[in-house]
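One-letter residues, chain by chain:
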Amino acid sequence: VVVGSSAAGIAACEAAREVAPDCSITLVTADDSSEYSRPLLPYVLARRIAPPQTSWRDGDYLETALKVRVLRGRRATGLKPDAGPLALDDGTELTYDRLILATGARPAALSIPGASLAGVCSLRNLEDLEEIERLAEPGRRAVVLGGGNVGLQACEALLARGMKVTVVVASPWLLSQMVDAEAGRRVAELFIRHGLNVRTGRDAVEITGNGRVESVRLDNGEQIDADLVVVGKGIKPNVEWLAGSGIRIGRGIVTDLCGRTNVPGIFAAGDCAETIDPLTGRSSISGIWPVAYETGRAAGSTAVGMDRPSAGALRMNASRFFEVPVISIGEVRPERLEGATAEVLADREGV
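Everything in this summary refers to the structure shown in the same document. (Residues numbered from 1 in each chain as written. Predicted model: local features only at pLDDT ≥ 70, side-chain atom pairs only at ≥ 80, totals over all residues. Heavy atoms only, no water.)

## Topic: the packing of helix H1 (residues 7-19) against helix H7 (residues 289-303)
The criterion, for reference: Geometry is summarised by axes, namely lines fitted to C-alpha atoms with helices restricted to the contacting stretch, and by angles between N-to-C directions that run from 0 to 180 degrees. We count a stretch as a helix when DSSP gives it H or I for four or more residues in a row; a strand needs E for two or more, and each element gets its number in order from the N terminus. Working rule for handedness: look at the near helix, and if it is turned counterclockwise from the far one by less than a right angle, call the crossing left-handed; if clockwise, right-handed. Contacts are assigned to residue pairs that have any heavy atoms within 4.5 Å of one another. Each residue gets one of three labels, nonpolar for Ala, Val, Leu, Ile, Met, Phe, Trp, Tyr, Cys and Pro, charged for Asp, Glu, Lys and Arg, and polar for the others, Gly among them.
Where H1 meets H7, the axes come as close as 7 Å, and the angle between the chain directions of the two elements is 35°. For the element pair H1 and H7, the recorded crossing hand is right-handed. Each of Ala7, Ala8, Ala11, Ala12, Glu14, Ala15, Ala16, Glu18 and Val19 in H1 lies in contact with H7, whose residues at this interface are Trp289, Ala292, Tyr293, Gly296, Arg297, Gly300 and Ser301. Here the residues of the contact of H1 with H7 are counted per class, giving 10 nonpolar, 3 polar and 3 charged.

## Points about the sheet that holds strand E13 (residues 204-208)
Counted only if it meets this: Paired strands, as defined in this entry, are two strands with at least two bridges between them according to DSSP.
Pairing within the open sheet is antiparallel, and its 3 strands lie in the order E13-E14-E15. Strands at the two margins of the open sheet, each flanked by one partner only, are E13 and strand E15 (223-225). Adjacent strand axes in the sheet meet at a mean angle of 20°, parallel and antiparallel pairs treated alike. Both strand E14 (residues 215-218) and E15 contribute to a ladder of 3 bridges, which runs antiparallel. Bridge assignment links Ser215 to a residue of E15, and that residue is Asp225.

## A few points about the packing of aromatic side chains
Both the distance between ring centres and the angle between the ring planes are used here to describe each pair of aromatic rings. Using the following cut-off: Only centres within 6.5 Å qualify two rings of Phe, Tyr or Trp (six-membered ring in Trp) as a pair; their planes then separate them into stacked at under 30 degrees, edge-to-face at over 60, and tilted for everything else. With a 1.4 Å probe rolled over the protein chains alone, any residue whose accessible area is under 20% of its type maximum counts as buried; one over 50% counts as exposed, and the rest are partly exposed.
For the structure shown, the criterion picks out 4 aromatic pairs. With a centroid separation of 5.1 Å and an interplanar angle of 80°, the aromatic rings of Trp56 and Trp289 are classed as edge-to-face. One end of the pair, Trp56, is in the loop between helix H2 (41-45) and helix H3 (61-64); the other, Trp289, is in helix H7, and 233 residues separate them in sequence. For Trp56, a relative accessible area of 18% translates into the label buried. Taking the centre distance of 5.0 Å and the plane angle of 75° together, the rings of Phe191 and Phe322 count as edge-to-face. With Phe191 in helix H6 (residues 181-193) and Phe322 in the loop between strand E22 (316-321) and strand E23 (324-329), the pair connects residues that are 131 residues apart, well separated along the chain. Since its relative accessible area comes to 18%, Phe322 is described here as buried. The structure contains a cluster of three or more aromatic residues connected by ring pairs, namely Trp56, Trp289 and Tyr293.

## Topic: the pattern of salt bridges
What counts, and what does not: Salt bridges are defined by distance alone: a side-chain nitrogen of Lys or Arg within 4 Å of a carboxyl oxygen of Asp or Glu.
This model, assessed by the stated rule, comprises 30 salt bridges. With its nearest N and O atoms 3.5 Å apart, the salt bridge here joins Arg72 to Glu63. For Arg72, a relative accessible area of 27% translates into the label partly exposed.

## Side note on unusual backbone geometry
Of note in this structure, Ala83 is not a glycine but carries a positive phi near 60°. By the secondary structure assignment, Ala83 is in the loop between strand E4 (76-79) and strand E5 (86-88). For Phe322, which is not a glycine, the phi torsion comes out positive at approximately 50°.

## Notes on the nonpolar core
Applicable threshold: In this description, a nonpolar core means a group of buried Ala, Val, Leu, Ile, Met, Phe, Trp, Tyr and Cys residues linked to one another through side-chain atoms lying within 4.5 Å.
Membership of the largest hydrophobic core comes to 38 residues, with the highest contact counts inside it found for Leu152, Leu158, Val165 and Leu228. Listing elements by their share of this core, those giving two or more residues are H2, helix H4 (126-135), strand E10 (141-145), helix H5 (149-160), strand E11 (164-169), H6 and strand E16 (228-231). Examining the composition of this core, we find that 6 residues originate from one element, H5, more than from any other.

## Comments concerning H7
Because an α-helix completes one turn every 3.6 residues, residues spaced three or four positions apart along the sequence face the same direction. Note the following rule: Each helix should span, by expectation, one fewer than its residue count multiplied by 1.5 Å.
With 15 residues, H7 ought to run about 21 Å at 1.5 Å a step, and its terminal C-alpha atoms sit 21 Å apart, in line with that. Those residues of H7 that sit buried are Val291, Ala292, Tyr293, Thr295, Gly296, Arg297, Ala298, Ala299, Gly300, Ser301, Thr302 and Ala303. One or two residues past the end of H7 sits Gly305, with phi positive at roughly 115°.

## A few points about the side chain of Ser215
This is how the line gets drawn: Side-chain atoms alone can form a polar contact between residues adjacent in sequence; in general such a contact is a pair of N or O atoms within 3.5 Å, and within protein one must be able to donate a hydrogen while the other accepts it.
Mapped onto the fold, Ser215 is located in strand E14. Accessibility expressed as a relative area gives 6% for Ser215, which makes it buried. Side chain to side chain, Ser215 and Thr208 meet in a polar contact 2.3 Å long. A distance of 2.9 Å separates polar atoms of two side chains, one belonging to Ser215 and the other to Gln223.

## Quick notes on the pairing of E14
Relative to E14, E13 runs antiparallel, the two sharing 4 bridges. Each residue of the ladder has a partner; that of Ile207, found in E14, is Val216. The turn joining E13 and E14, which pair antiparallel and follow one another in sequence, is formed by 6 residues; a positive phi near 160° is taken by Gly209. What sits between the antiparallel neighbours E14 and E15 is a turn of 4 residues, in which Gly221 has the positive phi angle 95°.

## Regarding the sheet that holds strand E21 (residues 283-284)
Within the open sheet, the 3 strands sit side by side as E18-E20-E21. Their pairing is mixed. Edge strands, defined here as strands with exactly one partner in the open sheet, are strand E18 (253-254) and E21. Bridge count for E18 against strand E20 (residues 273-276) is 2 bridges, and the pairing is parallel. Across the sheet, Val254 pairs through a bridge with Glu274, a residue of E20.

## Digging into the environment of Arg141
Within the fold, Arg141 resides in strand E10. Between the C-alpha atoms of Arg141 and Leu228, which are 87 residues apart in sequence, the distance is 6.6 Å. Not counting the four nearest positions on each side in its chain, Arg141 is found in contact with Met163, Lys164, Asp225, Ala226, Asp227 and Leu228.

Here it is as structure tokens:
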């Protein structure tokens, strides 16, 4: 049984079917439609691609190509200890020989006044995209909270739709988990040239409005008018439903490089899983699509009898902002890695 149908869940099904052609696979998913690539949603928002182009597998791929029994619109609600049955929201209990948890993550929630007002959105799934598109009209004002990859992709898309956009970033520079300070400065200059208002070293303390968003107040007292607020401040793994299961939970489900949890017969992969960072040796969550896919394949293969360790939670990102590519692999801030030094190989404008 596989729980979850995004990158990690589908990859697990693929790997399991390759290794064990005759095994029985049941996939449980809360999504009615799941064979789309979440990283492509900002490109739809920017109208650079059409919604059908987000599909990375055919709509009936699981059922027809992989011969998977798919339970759509169903949510896992609990797991009994000692690899007991999996409980679903309709009261069904599923037994299994092997269980792969690929329940993903959700956007980290804001814990400030006004966070639940209408017009406060994330950009994680098709429903989020539809909500933002209703509000993203030319001339309107948007505030994006978070200057990471997702936040900046949202900024570019909203600018492309003719909105007046401000990004608010608590870190000293944009993309602080992906690039160093100088590269972050150059990214900011690129966005400023295209009309973005940038506030670094600041955080939102309140979202105000009468029933829906009207403005965002920052920690320095500045008030920014807003018709839309997009939150891109990281992710929170979907693991709360596993309380009492006996599975070891840190920030996510703790696994080895093959996806094994501490409970025999149960595996985890993707954004809900916490695995080894190959640079630090510490357990961490990656939260990016390629790692989700690779850890899914590792779990799926290992679950049916062929150990296939992944590379772990290697940090890597590739983006393209206003046709300028930005690529990052591994640790970009040497002060966080013992014994590391930095050497700049190319330092000129445009690089």
